[in-house]
Amino acid sequence: MKRLLKGTGIFTLAVSGMVFWMFMTARQRNVRLHKMDIAGGTHRQKKLSVFFISDIHRRVIDNRLIKKIKKHGDMDVVIIGGDLAENGVPIKRVQQNVEKLAALGKAVYYIWGNNDREVGEVAIRQIFQACHGHILDNENVPIPGHPDWIIAGTDDPSSKNVDIHAALKGLEQDKYSLWVTHTPSLFRKVREQTNPTVLLAGHTHGGQIRLGPFGLHDKGAFTIDGQTAQLISNGYGTSMLPLRFGAPPECHILHIHYGLNDGN
């Protein structure tokens, strides 16, 4: 009996330690740095700095994270890639998170995730209006200060309102393009209709809890294939359980060096 009790105690302690470690992992503030060079050897080139974060859910954007991001300089573009919130998150927290993120860059953009409307679509729209942000409702817009670039975004499939044709409307084919969708399942449909320069998504949480190579979803990754880069993020927050294993939380800074088109 004593051996059984001792064994049970050791097992309980080990499980408790593992759960605590997973909880602390989920609270990490990882900022991933990525680089892409599409200058093509030209002497006339410029740099576009992009900050991307998705799947914040219940987390607070605190000053420790902001300081880590600011070490990399000012951002031209801040992109919040959906699931900014979920049911039960105070709208005041959402507002404070958006305000801190918007202050990082010259322009802030947002797309809907599958959980965001649970806290109220009108409230979120008011928050971005107050921050002079732009919600990409199946549309594309030019990036200020970078006339060779546009940013395009779609609604989330959960809304049954995805319209890639509308997001393509008026798009000039010689423009570089950032495409943002909350779920990477839309990447294929985007590629069927245009040649994106950069594809950005989250949603999967990288599986959130993984056992080596095994998880409910693939681990997030940044890849470059020719002249197109693809970033699927592990996301910054968690869903269901505030735990992570094998897929640490992350947000991203992408520095893109590109060649200027004639006339710019």
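Here is a short report on the structure shown in this document. (Residues numbered from 1 in each chain as written. Predicted model: local features only at pLDDT ≥ 70, side-chain atom pairs only at ≥ 80, totals over all residues. Heavy atoms only, no water.)

## As for the overall build of the chain
Quick reminder of the rule: Helix numbering and strand numbering both begin at the N terminus, where a helix is a DSSP run of H or I of at least 4 residues and a strand a DSSP run of E of at least 2. Here the globule rule reads 2.2 Å times residues to the power 0.38, and the radius of gyration is calculated from C-alpha atoms. Only protein chains enter the accessibility calculation, which uses a 1.4 Å probe. A residue is then buried if its area is under 20% of the maximum for its type, exposed if over 50%, and partly exposed in between. The criterion used for residue contact is that any of the two residues' heavy atoms lie within 4.5 Å. Every accessible area reported is derived by Shrake-Rupley at a probe size of 1.4 Å, with residue values counting cover from the shown protein chains alone. When charges are counted, Lys and Arg contribute as positive and Asp and Glu as negative, whereas His and the chain ends are disregarded. Charge placement uses NZ in Lys and CZ in Arg. For Asp and Glu, CG and CD serve respectively.
Of the regular secondary structure elements, the chain holds six helices and 12 strands. Scaling as 2.2 N^0.38, a compact globule of 264 residues should have a C-alpha radius of gyration of about 18 Å, and the chain matches this with 20 Å. Looking at the chain residue by residue over its 264 residues, the buried ones come to 49%. Here the analysis covers contacts within the chain between residues at least 6 apart in sequence; of these, 75% occur between residues at least 24 apart. Counting every atom, the chain has about 13300 Å² of accessible surface; 55% of that belongs to carbon and sulfur. Within the chain, the 24 negative side-chain charges are centred at a point lying 13 Å from the centre of the 32 positive side-chain charges.

## Some details on the sheet that holds strand E4 (residues 108-110)
Where we set the bar: Two strands are counted as paired when DSSP detects at least two bridges linking them.
Read from one edge to the other, the open sheet built from six strands follows the order E1-E12-E2-E3-E4-E5, with strand pairing classed as mixed. The two strands at the open ends of the sheet, each matched to only one other strand, are strand E1 (31-38) and strand E5 (134-135). Where E1 and strand E12 (residues 251-259) come together, eight bridges link them in parallel fashion. Its bridge partner lying in E12, Met 36 is registered against Ile 256.

## Notes on the pairing of strand E11 (residues 228-232)
Summarising burial for E11: four of the five residues are buried, a large majority. Note: strand E9 (residues 198-201) against E11, four bridges, orientation parallel. Within E11, the position partnered with Ala 201 by the bridge is Ile 232.

## Some thoughts on a nonpolar patch on the surface
Using the following cut-off: Each patch is built from residues lacking any salt bridge and having more than 30% relative accessible area; the joining distance is 9 Å for like charges and 5 Å for nonpolar side chains (Val, Leu, Ile, Met, Phe, Trp, Tyr). The rule for a salt bridge is simple: a side-chain nitrogen of Lys or Arg has to be within 4 Å of a carboxyl oxygen of Asp or Glu.
A surface patch of nonpolar side chains, amounting to about 290 Å² of accessible area, comprises Phe 20, Phe 23 and Met 24. Relative to the helices and strands, Phe 23 resides in helix H1 (residues 2-25).

## With respect to unusual backbone geometry
The residue His 57 is not glycine, and still its phi comes out positive at about 50°. With respect to the element layout, His 57 can be found in the loop between strand E2 (45-53) and helix H2 (63-70). A relative accessible area of 1% means that His 57 is categorised as buried. Even without being a glycine, Lys 160 presents a positive backbone phi close to 60°. Secondary-structure assignment places Lys 160 in the loop between strand E7 (146-153) and helix H5 (164-168).

## Comments concerning the side chain of Asp 116
Threshold: In protein, a polar contact requires one atom able to donate a hydrogen and another able to accept it; more generally it is a pair of N or O atoms within 3.5 Å, and residues adjacent in sequence count only if both atoms are side-chain atoms.
Note on placement: Asp 116 falls in the loop between E4 and helix H4 (121-130). Within the buried set, Asp 116 has no salt-bridge partner at all; the shortest N-O distance to an opposite charge, 7.1 Å, is to Arg 117. Looking at Asp 116, its side chain comes within polar contact range of the side chain of Tyr 110, at 2.8 Å. Once residues within four sequence positions are removed from consideration, Asp 116 is found in contact with Gly 82, Asp 83, Leu 84, Ala 85, Tyr 110, Ile 111 and Ile 124.

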